[in-house]
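Take a look at the letters that make up each chain.
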Amino acid sequence: MRKKSIIFMSVATMFVFALLTWAFAADLKKKMTIHYSDGKRQVVILDEPSCEISNIDFSTGGSESGAGSEGKDYSDTKGTKVFIPCGKLAFVDQVVSFNLGSPVPKERRALSPNSALGEPDFVSDDADLKLPVFTYTTLGCGGSITLEFTKVRLVDVNGPDLHVFEVGPSVEPTQLEISKDGTNWINLGRISGGKASVDIHNFVSPGDQFRYVRLTDLRSACGGEYPGADIDAIGAIGCVIVE
Ligand SMILES: [Ca+2]
Ligand SMILES: [Ca+2]
């Protein structure tokens, strides 16, 4: 009786081992991992279980497809990481108008509106002091700037849709507005106190696409060397690429 039991246990163990080996091998063949150049990975379940490919690696060799539209993580000066799915295309890249506030910053290098365009590029105050023009635009007390996305449109996606990269430890109270045509504006309220990611969901209709962003300093930080908000960049987290 005891011998029979041992034989039964051995056969059962071998059976389970064989089953696990088969399942593991089958599992390997059904999945494929794609490695992208930005370090991200995507696991794809294959329809054809006998497919020989189990791994594709784009992380070396520099794929040029997408012309810079790859999603990318950006950090603001408060250490917040923001993932922008359309990458460098999804930043305001044209100045429509700039109304410098009063008083203006004494440092003239902080007054170029072009410094608010493109990907965020502020590194440190020391690095900026070595440049002919700073990496951010200071609005001056009560100043405003209107900027345009030419390569993408801002749309509502799940969660935050727009991020203002402001320089400094706190976001100075700034009114944020968006527009489809540069004439009719939707007021999203104020950004302040480090809350620079904004969800436009409650302000827009499904399918709306926005081309313009306007920022107006709310006159609460009018003293000091750099009165008004300091804007490094503005990115659309919710983005569609236009031709
Ligand atoms: Ca949203
Ligand atoms: Ca900048």
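Data block above holds the structure.
Residues numbered from 1 in each chain as written. Chains lettered and ligands numbered in written order. Predicted model: local features only at pLDDT ≥ 70, side-chain atom pairs only at ≥ 80, totals over all residues.

## Some points on the environment of S69
If you trace the backbone, S69 turns up in the loop between β3 (55-57) and β4 (72-75). Exposure remark for S69: the 17 C-beta atoms within 10 Å place this residue in the partly exposed category. Residues S69 and C86 lie 17 residues apart in sequence; the distance between their C-alpha atoms is 4.9 Å. Residue contacts for S69: discarding those within four places in its chain leaves C86, G87, L89 and I241. (Helix = DSSP H or I, 4+ residues; strand = E, 2+ residues; numbered from the N terminus. Buried ≥ 20, exposed ≤ 12 C-beta atoms within 10 Å, placed from the backbone. Contact = placed C-beta atoms within 7 Å.)

## Overview of unusual backbone geometry
Following S102, the chain continues to P103 via a peptide bond in cis, the omega torsion being 5 degrees. The phi dihedral of R219 is positive, around 60 degrees, even though this residue is not glycine. In this structure, R219 sits in the loop between β14 (212-217) and β15 (230-236).

## What about the sheet that holds β14?
Read across the open sheet, the five strands follow the order β6-β8-β14-β11-β12; overall the sheet is antiparallel. Looking at which strands have only one partner, the edges of the open sheet turn out to be β6 (94-99) and β12 (185-191). Averaged over all pairs of adjacent strands, the angle between strand axes in this sheet comes to 20 degrees, irrespective of strand direction. (Pairing = 2+ DSSP bridges. Axes fitted to C-alpha atoms, helices over the stretch in contact; angles between N-to-C directions.)

## Comments concerning the sheet that holds strand β10 (residues 162-166)
Spatial ordering of the open sheet is given by β7-β15-β10-β13, a layout of four strands whose pairing is antiparallel. A single partner strand is all that each edge strand has here, and the edge strands are β7 (137-138) and β13 (197-198). Where β10 lies against β13, two bridges are found, and the strand directions are antiparallel. For L162, the partnering residue across the bridge sits in β13 and is V198.

## Section: the nonpolar core
Looking at soluble globular proteins, one finds that nonpolar side chains tend to be buried together. Core analysis: the biggest nonpolar cluster contains 40 residues, and A90, V92, A116, I231, I234 and A236 have the highest contact counts within it. Looking at this core, the elements that each hand over two or more residues are β8 (144-148), β9 (152-154), β10, β11 (174-179), β12, β14 and β15. Among the elements that take part in this core, β15 stands out by supplying four residues, more than any other. Not counting chain neighbours up to four residues away, the residues in contact with A236 comprise C86, A90, F149, V152, L154, D161 and L162. (Core = buried A, V, L, I, M, F, W, Y, C linked by C-beta atoms within 7 Å.)

## Describing the pairing of β11
Residues of β11 alternate between two faces, with T174, L176 and I178 buried on one and Q175, E177 and S179 left unburied on the opposite face. Where β11 meets β12, five bridges bridge the pair, whose relative direction is antiparallel. Directly across from T174, in β12, lies its bridge partner I191. The antiparallel hairpin formed by β11 and β12 contains five residues in its connecting segment, where G182 sits at a positive phi of about 80 degrees. As judged from the six bridges shared by β11 and β14, these two strands associate in the antiparallel manner. Pairing of Q175 across the sheet is with T216, part of β14.

## Some thoughts on the environment of S102
Inspection of the secondary structure assignment puts S102 in the loop between β6 and α2 (125-129). Here S102 falls in the partly exposed class, since 13 other C-beta atoms lie within 10 Å of it. Sequence separation between S102 and C141 is 39 residues, and the spatial gap between their C-alpha atoms is 5.0 Å. Dropping the residues within four chain positions of it, S102 is found in contact with G140, C141 and G142.

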